[in-house]
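# Working through the structure, step by step
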Amino acid sequence: MAALSTPNHARVDAAIIGGGPVGLTLALALDQAGVETAVIDAAPPQAALAPHFDGRAFAIAYANYRMWRALGVADALDPDVQPIKKIMVTDGRPLNDRRGAGPSLLHLFFDQGELGDAAGEGALGFMVENRHLRRALEAAVAARPSIRRFAPARVAGLERGAAGASVRLEGGEEIAASLIIGADGRKSFVREQLRIRTIGWPYKVTAVVATVQHEKPHDAVAHEFFLPSGPFAILPLKGNRANIVWAEPHAVAAALLALDEEDFLAELALRFGDFLGALSLEGPRFSYPLSLQFAEKMIAPRAALAGDSAHGIHPIAGQGLNMGLKDVAALAECVADSVALGLDAGDASALERYQRWRRFDNVAMAVATDGFDRLFSNDIPPLRLARDLGMAAVNAIGPARRYFMRTAGGAAGDLPKLLKGEALGA
Ligand SMILES: Cc1cc2nc3c(=O)[nH]c(=O)nc-3n(C[C@H](O)[C@H](O)[C@H](O)COP(=O)(O)OP(=O)(O)OC[C@H]3O[C@@H](n4cnc5c(N)ncnc54)[C@H](O)[C@@H]3O)c2cc1C
């Protein structure tokens, strides 16, 4: 369908509210399939390009990275991303813990070499800094004039009816669309307007996030230590750099953020150890209170939710954005197939297919990450023994290790075309 536009009125097939990593990737996927798309974001695009924008870096599964390649984004990302070749998971304690310092002898070790060609991108996953991701996605969207971009723009209201839907912006513009997609994150305005309820609970921890420079090379190894207070991850970035995600009870996290740099680094060294040599901080520290939040459904008439608006999970396994990107691949394919059949982009059967495709996987991941957190974030001796033996068992069995690697790589189950690296509409 062609986009008919006047200064105050645009017409598209799909209006995406939220131009984060999920919304922008979805716009590119729909556009590739010839579906006319608008993306509306409340924040100015430049805000995400600041050198230390929000401090997060994402571990991205190799199947999702393949989607960015199929959408023409990966070439711009490649110079700045760090492939993850190995993952070491250890049940540990801080080095100054009176019950015995340091990691347990039982651990889990994943090596990309074991997967061989199965990991098509030559890595278990990729560490992508949010600022680089947003820059590459914004540039790809800007290079496609058929995508209408509204930012900064706040949505004043949504309307949906049998014949179509519309989005009203605070500035008075109106965007008519066949489908409205909420990709506007955990506090989703779209979800609220659709009256879709969420279930979930807050966790008792805040994640402290920082980027550090270290003396010795990380050799592309990602480390996750399960400490009694919560997970502590050292995630390799380009160069001798790492992103730290460090979960602590809220009051401890607040105290860590208030420390001066020298004292913070001393506390960090107790968890980090000295295997990467001397550490220094690069940029500010950030904090994210953690919670589980799950929408009771992903669709409503002429509307769908994707990404964190549908499911916000614990970052213990680095899967939140990966789930959102899988939503993107499935939703884009369902809508593209519907449009190719001559139906409109908001066709109810396409939306039902999308929900069926993604619902089970999303529920399973939310339950698994919640369960991991309960199992690992404590120091109860029988649980510690059970999890250590479980880790040792998986570590000893090659097929079990390879199964976990393929699942974490996003390459298990019924994959949409984009996750196989195939372009839509090709
Ligand atoms: C500490 C931490 C580490 C993480 N690490 C990983 C990891 O390693 N791997 C991984 O896969 N995931 C990770 N995640 C999860 C990941 O951050 C989220 O899943 C991801 O950011 C969700 O993307 P999104 O586009 O759905 O939402 P968001 O990133 O929240 O983007 C939402 C967008 O919507 C816009 N918006 C909001 N409200 C409105 C409105 N009313 N109108 C218009 N626009 C609006 C916002 O400006 C924003 O641009 C981590 C999370 C945390 C907290």
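Just so we're clear, the structure is a prediction, and the values are computed from it rather than from any experiment. (Residues numbered from 1 in each chain as written. Predicted model: local features only at pLDDT ≥ 70, side-chain atom pairs only at ≥ 80, totals over all residues. Heavy atoms only, no water.)

### A few points about the pattern of salt bridges
By the definition in use, this model includes 19 salt bridges. In this structure, D308 engages R186 in a salt bridge whose closest nitrogen and oxygen atoms are separated by 3.9 Å. Note that D308 is positioned in the loop between β21 (303-305) and β22 (311-312) and R186 in the loop between β14 (179-182) and α5 (189-193), a separation of 122 residues in sequence. According to the relative accessible area criterion, R186 is partly exposed, its value standing at 26%. E296 serves as the salt-bridge partner of R197, at 3.3 Å between the closest nitrogen and oxygen. (Salt bridge = Lys/Arg side-chain N within 4 Å of Asp/Glu carboxyl O. Helix = DSSP H or I, 4+ residues; strand = E, 2+ residues; numbered from the N terminus. Buried < 20%, exposed > 50% of the residue type's maximum accessible area, 1.4 Å probe, protein only.)

### Here's the deal with the sheet that holds strand β20 (residues 299-300)
The mixed open sheet is built from six strands, whose spatial order is β10-β4-β3-β14-β21-β20. What marks the edges here is a single partner per strand, and that holds for β10 (147-150) and β20. Across three bridges, β14 lies against β21 in parallel orientation. Bridge pairing in β21 links G182 to L305. (Pairing = 2+ DSSP bridges.)

### Comments concerning the site of the ligand
The full set close to the ligand counts 28 residues, and D41, R56, A59, D308 and L321 are the nearest of them. A distance of 2.9 Å separates an oxygen atom of the ligand from a polar backbone atom of N322. Here the residues of the shell around the ligand are counted per class, giving 14 nonpolar, nine polar and five charged. (Near = heavy atom within 4 Å. Polar contact = N/O pair within 3.5 Å; in protein donor to acceptor, adjacent residues only side chain to side chain. Nonpolar A, V, L, I, M, F, W, Y, C, P; charged D, E, K, R; others polar.)

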